[in-house]
Amino acid sequence: MYSSDLVEAMRFIGWDPHSRIDVVPVNWAAAALGHLLFAPNLEHKRYHVSAGEERSIRWEDLAAEYARICGGPARDRYQVGDVSELTAQRMRKAFGGGHPRHLRHALELYSRFCSLDLVFDNSRLLGEGFPAPPRFTEYMRTCVETSPMSVYEQMRGDFEPSIAIPSEIPA
């Protein structure tokens, strides 16, 4: 959830607000993977576990939902520009902590991804009889109200090296 939290805290995006975001809840994704794993016969070898065309949302929809949840304007909620325009002071003010270089790096990566306006085709998954996911705006309030960590803490967890798994497991 930190990506949209990051955007909301900064009130800044480095991509077109008409771009779409293809987000699904983790419990739905896990159920979809379980469905595919235990299906006796699958028609295809590859599936996208995604929101798809019908359930993806536009950033402007996300802004409107944040306005309903948190107050403030929906229209022009986010300044649109280049991530390089963000100052360390603005990032510190938005997050209260965290290293501005790390925050800028996360924003640059996310900005490049969001600029793609990418939505994955989930029609194969739906064709296997699995129900469509809810739209992000349908469960976003729950995400906002139950997120226990700051945006910086969430981002830091994503960028820290994971625990290495040994290549050989002792007998």
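Residues numbered from 1 in each chain as written. Predicted model: local features only at pLDDT ≥ 70, side-chain atom pairs only at ≥ 80, totals over all residues. Heavy atoms only, no water.

**Q** Help me out: how do you make sense of the nonpolar core in this one?
**A** Inside soluble globular proteins, nonpolar side chains tend to come together where they are buried. If you look at the biggest cluster of nonpolar residues, it comprises 17 residues, and the most contacted ones within it are Val-7, Trp-15, Trp-59, Leu-62, Tyr-78, Tyr-110 and Phe-136. Looking at this core, the elements with two or more residues in it are α4 (59-70), α6 (100-114) and α8 (136-146). Examining the composition of this core, we find that five residues originate from one element, α4, more than from any other. Leu-6, Phe-12, Val-83 and Leu-86 belong to the second-largest nonpolar core, a separate cluster that totals nine residues. (Core = buried A, V, L, I, M, F, W, Y, C linked by side-chain atoms within 4.5 Å. Buried < 20%, exposed > 50% of the residue type's maximum accessible area, 1.4 Å probe, protein only. Helix = DSSP H or I, 4+ residues; strand = E, 2+ residues; numbered from the N terminus.)

**Q** Just checking my understanding: could you explain the confidence of the model for the protein chain for this structure?
**A** The predicted coordinates should not be examined in detail at positions where pLDDT is low. On average, residues of the protein chain score 82 in pLDDT, and 82% of them reach the 70 mark or higher. The secondary structure element of the protein chain with the lowest average pLDDT is helix α9 (residues 151-159), at 59, and the one with the highest is helix α7 (residues 123-127), at 98. Contacts from residues 162-171, a stretch scored under 50 in pLDDT, to residues over four places away or in other chains number zero contacts. (pLDDT = per-residue confidence, 0-100. Contact = heavy atoms within 4.5 Å.)

**Q** What am I meant to see in the packing of helix α5 (residues 88-95) against α6 here?
**A** Two measures define how a pair of helices packs: the angle their axes make with one another and the distance between the axes. Running from N to C, α5 and α6 point in directions that differ by 90°, and their axes come no closer than 9 Å. Taken together, α5 and α6 sit at an angle that is classed as roughly perpendicular. The residues of α6 that touch α5, namely those facing Ala-88, Met-91, Arg-92 and Phe-95, are Pro-100, Leu-103, Arg-104 and Leu-107. Of the residues belonging to the contact of α5 with α6, the class tally is six nonpolar, no polar and two charged. (Axes fitted to C-alpha atoms, helices over the stretch in contact; angles between N-to-C directions. Parallel < 35°, antiparallel > 145°, perpendicular 65-115°, else oblique. Nonpolar A, V, L, I, M, F, W, Y, C, P; charged D, E, K, R; others polar.)

**Q** Got a minute to help me understand the pattern of salt bridges in this structure?
**A** Pairing between side chains becomes possible if they bear opposite charge and their charged atoms approach one another. The tally for this structure, following the rule as stated, stands at five salt bridges. One salt bridge connects Glu-65 with Arg-68, and the closest N-O pair in it is separated by 2.8 Å. Of this pair, Glu-65 and Arg-68 both sit in helix α4, three residues apart, which is roughly one turn of the helix. Under the relative-accessibility criterion, Arg-68 is labelled exposed at 56%. The partner of Glu-145 in a salt bridge is Arg-141, and the shortest N-O contact between them spans 3.3 Å. With a gap of four residues between them, Glu-145 and Arg-141 both fall in helix α8, about one helical turn apart. For Arg-141, a relative accessible area of 37% corresponds to the partly exposed category. Within this structure, Arg-20, Glu-53 and Asp-117 form a network of salt bridges that share partners. (Salt bridge = Lys/Arg side-chain N within 4 Å of Asp/Glu carboxyl O.)

**Q** How should I be thinking about the environment of Ser-123 in this particular structure?
**A** Take Ser-123: it is sitting in helix α7. Here Ser-123 falls in the partly exposed class, since its relative accessible area comes to 40%. Expressed as a C-alpha distance, the spacing of Ser-123 and Gly-52, which sit 71 residues apart in the sequence, is 7.5 Å.

**Q** For this particular structure, what's the right way to read unusual backbone geometry?
**A** Peptide bonds are, in most cases, trans, and in most cases residues other than glycine have a negative phi. Although it is not a glycine, Asp-76 sits at a positive phi angle of roughly 55°. When you line up the elements, Asp-76 lands in the loop between α4 and β4 (79-80). Of the residues examined, Asp-76 reaches a relative accessible area of 66% and is grouped as exposed. Non-glycine residue Asp-117 carries a positive phi angle of around 50°. Overall, the relative accessible area of 28% leaves Asp-117 in the partly exposed class.

**Q** Got a minute to help me understand the packing of aromatic side chains in this structure?
**A** All chains considered together, the criterion is met by five aromatic pairs. Note on Trp-59 and Tyr-110: the rings are 6.2 Å apart at their centroids and 85° apart in plane angle, and the pair reads as edge-to-face. With a gap of 51 residues between them, Trp-59 in helix α4 and Tyr-110 in helix α6 connect regions that are remote in the sequence. Through pairs of rings, three or more aromatic residues link up here, namely Trp-15, Trp-59 and Tyr-110. (Phe/Tyr/Trp six-rings, centres within 6.5 Å; stacked < 30°, edge-to-face > 60°.)

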